[in-house]
Amino acid sequence: MENYLLLLIGTVFVNNIVLSKILGLCPFMGVSRKLETAISMGAATTFVLTLASGASYLIDTYLLGQELSYLRTLSFIVVIAGIVGFTEMFIKKTSPVLFRVLGIYLPLITTNCAVLGIPLLNVREQHNFIESLFYGLGGALGFSLVLVLFAAMRERLEAADAPTPFKGVSIAMITAGLMSLAFMGFAGLIR
Amino acid sequence: MSRKLFTFNGGVHPDGHKAVSNATPIRAMSLLPHYVVPMRQHIGAPARPMVSIGDQVLRGQMIGAAEGYVSTAVHAPTSGRVVAIDARAVPHPSGLFDLAVVIEADGEDQALEFQPLDWRNLDPSALRNRIRDMGLAGLGGAVFPSFIKLNPGAQKIHTLILNGAECEPWITCDDRLMRERAAEIVRGIEVMRHALGCRTTLIGIEDNKPEALAAMRAAVPADMEVVSVPTLYPGGGGKQLTYTLTGVETPTGGRSTDVGIQVFNMGTAYSLYRSVELGEPLISRVVTVTGHVAQAGNFDVRIGTPLKDLLAAAGGALPGASGEIVGGPMMGFDLMDSAAPVTKAVNCLIVKNPKLFPTKPIELSCIRCGECARACPADLQPFEMYWYSRAKDFGRAQSYNLFDCIECGCCSFVCPSHIPLVDYFRFAKAEIWEREREKYSADQARIRHEFKTFRLEREKQEKADKFAKAAEKSREAAASGADVVADPDAEKKKAILQAALERAKKAKEAVTPKNTDNLPPMVQKEIDEIEARRSKVEGNTESQARHE
Amino acid sequence: MITAIFVMAAIGLLLGGILGWASIKFRVEDDPLVEKIDAILPQTQCGQCGFPGCKPYAEAIAKGEADINQCPPGGAEGVKRLAELLGVEAKPLGEGLEPKPKSVAVIDENTCIGCTLCIQACPVDAIVGAAKQMHVIVASQCTGCELCLPPCPVDCISMQVIKEDVLTWKWRYPIHMMKRAA
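Draft legend 1. Quick peek at the overall build of chain B. Helix and strand counts for chain B stand at 15 helices and 17 strands. Taking 2.2 N^0.38 as the reference for a compact globule, 548 residues should give roughly 24 Å; the C-alpha atoms of chain B span a radius of gyration of 31 Å, well beyond that estimate. With the C-alpha coordinates of chain B rotated into their principal frame, the extents come out at 110 × 65 × 50 Å. Residue burial in chain B is summarised as follows: out of 548 residues, 42% are buried. Look at the contacts in chain B between residues 6 or more apart in sequence, and 70% of them connect residues 24 or more apart.

In structure tokens form, the structure reads like this:
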């Protein structure tokens with residue numbers, strides 16, 4: 001049990017998928033303009049990522065095995081695309097505005113490198129099924145956490161007196177850098 | 001007998017400057033040649049003028065009737081002749097003009113026959129109607145029509161609070177009124193108590209007015225309580241005084257009536273006494289003239305007295321004066337035009353000089369020190385509201401409960417960066433209201449447009465039905481061999497239309513449009529474009545007409 | 001090789017099945033987005049956007065056929081709110097679409113011949129009158145769309161800018177004093 005907890009904390013803070021692995025930067029910059037959108041994006045990604053890491057573990061272990069390992073990336077992408085397609089339909093039905101707001105970033109979860117990266121890392125780290133799930137969940141929570149934090153900061157920055165050349169994305173980039181530096185403080189928290 | 005008092009959060013201690021004007025008794029003013037009586041002196045719809053130019057009016061005669069529910073009447077301050085009904089300078093922060101009735105006094109000051117009211121045996125609803133016609137509105141500054149406040153409505157009012165705190169610096173009109181006319185105030189309070197049917201009556205007076213406290217204590221009957229409250233601005237704010245006296249907080253977005261408490265100003269109680277017991281409508285009020293003037297003090301002023309005449313009655317401004325403030329220094333505004341008259345809302349006129357009122361220092365950046373939040377008596381976070389108001393992010397500003405701001409000015413007063421926070425809040429509130437109005441009119445337009453579309457559809461359908469019927473009939477007629485006669489009126493109608501067009505053309509040549517003289521080149525250009533477009537369309541319609 | 005094809009086909013079939021089921025289960029009938037866009041538009045029905053009214057424009061935006069910056073009466077503020085709703089960058093108003101000061105149409109009583117053409121043109125039925133009777137515009141209902149100007153055969157309708165009075169006056173944005181001192 002303690003093992004799983006450490007895994008979770010480790011992926012959320014220490015090896016944060018965005019700020020220390022530098023994966024998934026595209027939605028991190030793209031959908032962080034508004035807090036509400038960022039929260040929904042975080043939720044959608046969490047759903048997709050957790051499911052994807054579980055499903056891809058099963059496929060890798062029971063379907064592909066050693067001899068078909070060259071199909072790994074291909075089959076993972078297919079699975080992720082399927083889950084994202086499902087999520088897309090679900091969101092379109094339940095919240096059309098959110099669907100419109102997430103726009104291109106929703107289908108782009110498919111190509112979110114974090115979403116493909118975590119199942120691949122699972123294989124490399126030789127996680128078992130439960131560990132894979134936790135690793136996926138932790139990575140997604142870490143992603144959601146920094147996305148929401150970053151969106152909140154960007155909302156305040158929107159109203160701030162930034163010098164004109166720094167307005168908008170430029171100041172957001174600097175903020176992201178500072179956040180990454182801040183997350184370096186977690187290094188060494190766990191092993 | 002001492003009551004447990006509650007202390008609200010925040011508040012500030014500005015210099016009182018009360019002694020400048022509270023030493024001398026209330027003075028009467030001599031009759032002036034002209035009075036300017038605005039129709040909008042209260043919150044709500046302006047009164048509707050009931051007189052026309054040239055009419056003779058008597059003192060106390062109604063010259064503007066209440067229009068709509070939230071409104072109240074306006075009366076002639078003296079006898080004389082109505083010489084103008086037009087837009088005049090009014091005491092308003094914008095400096096804009098507003099509809100007013102100008103009365104030329106005849107010097108007789110002849111009054112209507114005032115009928116005292118037997119209020120104890122009067123139905124409360126009849127009493128309220130009477131008070132409405134007497135033009136009573138809250139004299140503390142908000143000028144909300146009093147008859148509405150005297151309607152307990154669905155909520156039971158258990159406590160009546162009389163506000164004699166007068167927490168704004170410089171102002172002393174309620175102070176003097178309590179010292180000199182305590183007995184009359186108490187009789188006015190009795191009318192209020194009767195109308196509201198409440199049990200408890202509390203009279204809150206700040207402890208920097210010991211004479212007023214003593215006078216009121218001597219005048220009240222046993223079932224009213226005069227309470228000395230600590231001097232702390234804005235202790236006289238309705239919600240703040242309610243909390244100080246009862247410990248009851250007014251809910252967000254609500255009024256004190258939601259918790260069964262009604263608050264009235266001292267001046268209102270006095271005017272209520274005059275209008276009910278003497279039958280004299282609200283045609284005068286006590287106004288403090290203070291600051292950099294020769295003889296500061298309080299005056300019993302007729303409503304409609306131009307402020308420059310009031311200033312002259314106080315001996316005029318001393319040399320070195322730098323403008324006037326209407327109201328107190330915390331919540332008042334700079335007077336734009338001294339021809340503006342005293343209205344029911346004007347309680348004080350302060351003459352500024354650079355020493356008493358130095359120019360505001362330069363506005364610096366917010367350092368988020370939180371002083372404003374500590375000083376805010378409404379428990380808000382002004383620095384957050386400021387951040388979003390300044391960036392014009394009104395939705396977020398509102399999410400910090402912007403509309404609970406009472407605009408008391410404590411935050412601006414304590415701000416070490418000299419940020420005029422209240423100005424930002426007023427700006428944000430005005431913009432939000434504007435948006436609400438626009439939203440409303442857009443919704444109206446949408447409904448009307450949808451109805452029009454629907455109506456056109458319906459008419460088309462009806463026409464089609466009619467046509468089908470007629471076609472059937474004519475087919476029947478043709479079958480029976482009768483001729484279809486062409487409409488003989490059609491030619492005649494065309495001729496009439498042509499004649500009307502000719503006439504109109506001539507009339508238009510004779511009348512030059514008055515709004516196209518002296519136009520800036522940009523507007524002229526725009527007009528030319530419109531003309532071009534129009535002639536094109538006209539050409540089209542003409543050719544169409546020829547086709548037909 | 002055969003196993004690989006078989007595996008991929010199996011995955012594909014499974015996912016296809018799930019997605020097919022989801023597309024039936026989560027079918028969306030109509031697009032409530034149009035209503036939300038329509039709510040932001042100022043409802044002047046003026047047609048300056050190139051569509052015959054606010055609703056058609058809203059539908060066009062929802063379909064992605066029209067840009068969000070085609071509505072001059074809504075101004076920069078309207079564009080900003082549309083951008084916020086749709087999650088795109090706000091942009092300045094389109095070429096040649098300048099917001100005009102708010103105005104109402106006024107009929108010159110001396111020239112009006114009572115032809116009812118303007119009544120038919122008014123999108124919100126704000127003009128009252130009958131044939132050969134003088135027409136009057138209900139100012140509170142007029143959206144200032146100027147659609148009644150071209151049909152008038154005698155040019156008796158003019159646009160008057162709404163003046164600010166004590167009631168509609170707004171507190172201005174506080175002026176920054178920094179520059180004056182420097």
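Now, onward.
Draft legend 2. The overall build of chain A, seen in detail. Within chain A, the regular secondary structure consists of eight helices and zero strands. Here chain A has a C-alpha radius of gyration of 17 Å; the compact-globule value for 191 residues is 16 Å, and the two agree. Each of the 191 residues in chain A was classed as buried or not, and the buried ones make up 41%. Sequence-distant contacts in chain A: of pairs separated by 6 or more residues, those separated by 24 or more amount to 79%.

Draft legend 3. Quick look at the pairing of strand 13 (residues 284–291) of chain B. All names here are of chain B. Burial analysis of strand 13 places eight of its eight residues in the buried class, which makes it a mostly covered element. Burial along strand 13 is two-sided: the face carrying S284, V286, T288 and T290 and the face carrying R285, V287, V289 and G291 are both buried. Note that strand 13 and strand 14 (residues 297–302) share six bridges and pair antiparallel. Looking at strand 14, one finds that V287 is bridged to F299. Linking two consecutive strands that pair antiparallel, namely strand 13 and strand 14, is a turn of five residues. Examined bridge by bridge, strand 13 and strand 17 (residues 348–351) share four bridges and lie parallel to one another. Note that in strand 17 the partner of V289 across the bridge is L349.

Draft legend 4. How the structure looks around the environment of N110 of chain C. Residues and elements named next belong to chain C. Positionally, N110 belongs in the loop between strand 1 (103–107) and helix 5 (117–121). On the basis of neighbour counts, which here come to 12 C-beta atoms within 10 Å, the residue N110 falls in the exposed class. A C-alpha to C-alpha distance of 8.2 Å links N110 and C156, two positions 46 residues apart in sequence.

Draft legend 5. Main features of the interface of chain C and chain B. With 32 residues of chain C at the contact, the number on the chain B side is 36 residues. For the side of chain C that touches chain B, a count of residues per class yields 16 nonpolar, ten polar and six charged.

Draft legend 6. Representation of the domain arrangement of chain B. All names here are of chain B. Assigned domains of chain B: these are domain 1 (18–333) and domain 2 (361–462). Placing a centre on the C-alpha atoms of domain 1 and another on those of domain 2 gives a separation of 30 Å. Listed per partner, the contact involves eight residues of domain 1 and ten residues of domain 2. Partitioning the side of domain 1 that touches domain 2 into residue classes produces four nonpolar, four polar and no charged.

Draft legend 7. Looking closely at the confidence of the model for chain A. When pLDDT is averaged along chain A, the result is 86; 99% of the residues meet or exceed 70. Summarising per-element confidence for chain A, the mean pLDDT is lowest in helix 5 (residues 96–102) of chain A (75) and highest in helix 7 (residues 129–158) of chain A (92).

Draft legend 8. Fine view of the nonpolar core. Formed by 121 residues in total, the largest nonpolar core has its most connected members in I185, M192, A269, V287 and L310 of chain B. In terms of residue count, the dominant contributor to this core is helix 4 (residues 182–196) of chain B (eight residues). Residue contributions to this core reach at least three from each of two domains, namely domain 1 (18–333) and domain 2 (361–462) of chain B. The contacts of A269 of chain B, once residues within four sequence positions are left out, are L162, I185, G188, I189, M192 and F264 of chain B. By size, the runner-up hydrophobic cluster in this structure holds 48 residues, among which are V31, F86, I91 and I109 of chain A.

Draft legend 9. Summary view of the interface of chain A and chain C. Taken together, the contact pairs 21 residues of chain A with 19 residues of chain C. In terms of residue count, the dominant contributor to the side of chain A that touches chain C is helix 4 (residues 72–94) of chain A (ten residues). Of the residues in the side of chain A that touches chain C, the class split is 13 nonpolar, five polar and three charged.

Draft legend 10. Representation of helix 3 (residues 54–63) of chain C within the structure. All names here are of chain C. All of the buried residues in helix 3 are C54, K55, Y57, A58, I61 and A62. Seen end-on, helix 3 carries its buried residues on one side only, within an arc spanning 160 degrees. Buried residues along helix 3 sit in contact with helix 2 (33–40). Just downstream of helix 3, G64 is the residue with a positive phi angle, here 85 degrees.

Draft legend 11. Molecular detail of the sheet that holds strand 14 of chain B. Residue and element names in this part refer to chain B. The strand order across the open sheet formed by six strands is 1-14-13-17-15-16, and the pairing between neighbours is mixed. Strands at the two margins of the open sheet, each flanked by one partner only, are strand 1 (27–28) and strand 16 (333–334). In this sheet, strand 17 lies alongside strand 15 (residues 324–326) in antiparallel orientation, the contact comprising three bridges. The residue bridging E324 from the neighbouring strand is V351, located in strand 17. On top of the sheet, helix 3 (residues 173–180) reaches strand 13, strand 14 and strand 17; it is set at about 125 degrees to strand 13, its chief contact.

Draft legend 12. Examining helix 6 (residues 238–246) of chain B more closely. Residues and elements named next belong to chain B. Counting buried positions over the nine residues of helix 6 gives nine, a clear majority of the element. Listing the buried residues of helix 6 in full gives G238, K239, Q240, L241, T242, Y243, T244, L245 and T246. Next to the buried residues of helix 6 lie strand 9 (159–164), strand 10 (200–206), strand 11 (225–229) and strand 12 (261–265). Within two residues after helix 6, G247 carries a phi angle of roughly 80 degrees, on the positive side.

Draft legend 13. Summary view of the sheet that holds strand 11 of chain B. Residue and element names in this part refer to chain B. Strand order in the open sheet formed by four strands is 11-10-9-12, with parallel pairing between adjacent strands. Among the strands making up the open sheet, the edge pair consists of strand 11 and strand 12. Adjacent strand axes in the sheet meet at a mean angle of 25 degrees when their direction is disregarded. Here five bridges tie strand 10 to strand 11, and the two strands are oriented parallel to one another. Residue E206 lies in a different strand from strand 11, and its bridge partner there is V229. Most of the contacts of helix 6 go to strand 9, to which it runs at about 115 degrees, and overall it touches strand 9, strand 10, strand 11 and strand 12.

Parameters at a glance
Each chain carries its own residue numbering, running from 1 in the written order of its sequence. The lettering of chains begins at A and the numbering of ligands begins at 1, in the order of writing. Note on the predicted model: pLDDT of at least 70 is required for a residue's local features to be given, and 80 or more for side-chain atom pairs to be given and counted; whole-chain, interface and lining totals, by contrast, use all residues. Under the scheme used here, helices are H or I runs from DSSP no shorter than 4 residues and strands are E runs no shorter than 2 residues, and both carry numbers assigned from the N terminus. The globule rule is 2.2 Å times the number of residues to the power 0.38, and the radius of gyration it is compared with is taken over C-alpha atoms. Once C-beta atoms are placed from the backbone, each residue is buried if 20 or more other C-beta atoms lie within 10 Å of its own, exposed if 12 or fewer, and partly exposed for counts between those two. Note that contacts rest on C-beta atoms placed from the backbone: two residues are in contact if these are within 7 Å. Strands qualify as paired when DSSP identifies two bridges or more between them. Polar here means any residue other than Ala, Val, Leu, Ile, Met, Phe, Trp, Tyr, Cys and Pro, which are nonpolar, and Asp, Glu, Lys and Arg, which are charged; Gly is therefore polar. What counts as a domain boundary in this text is fixed by an automatic or database domain assignment. The quantity called pLDDT is the predictor's confidence in a given residue, expressed from 0 to 100. Any set of buried Ala, Val, Leu, Ile, Met, Phe, Trp, Tyr and Cys residues joined through C-beta atoms within 7 Å is what this text calls a nonpolar core. Throughout, the arc means the angular range of directions from the helix axis out to the C-beta atoms. Every axis corresponds to a line fitted to the C-alpha atoms, with the helix fit spanning only the stretch in contact, and the corresponding angles, defined between N-to-C directions, vary from 0 to 180 degrees.

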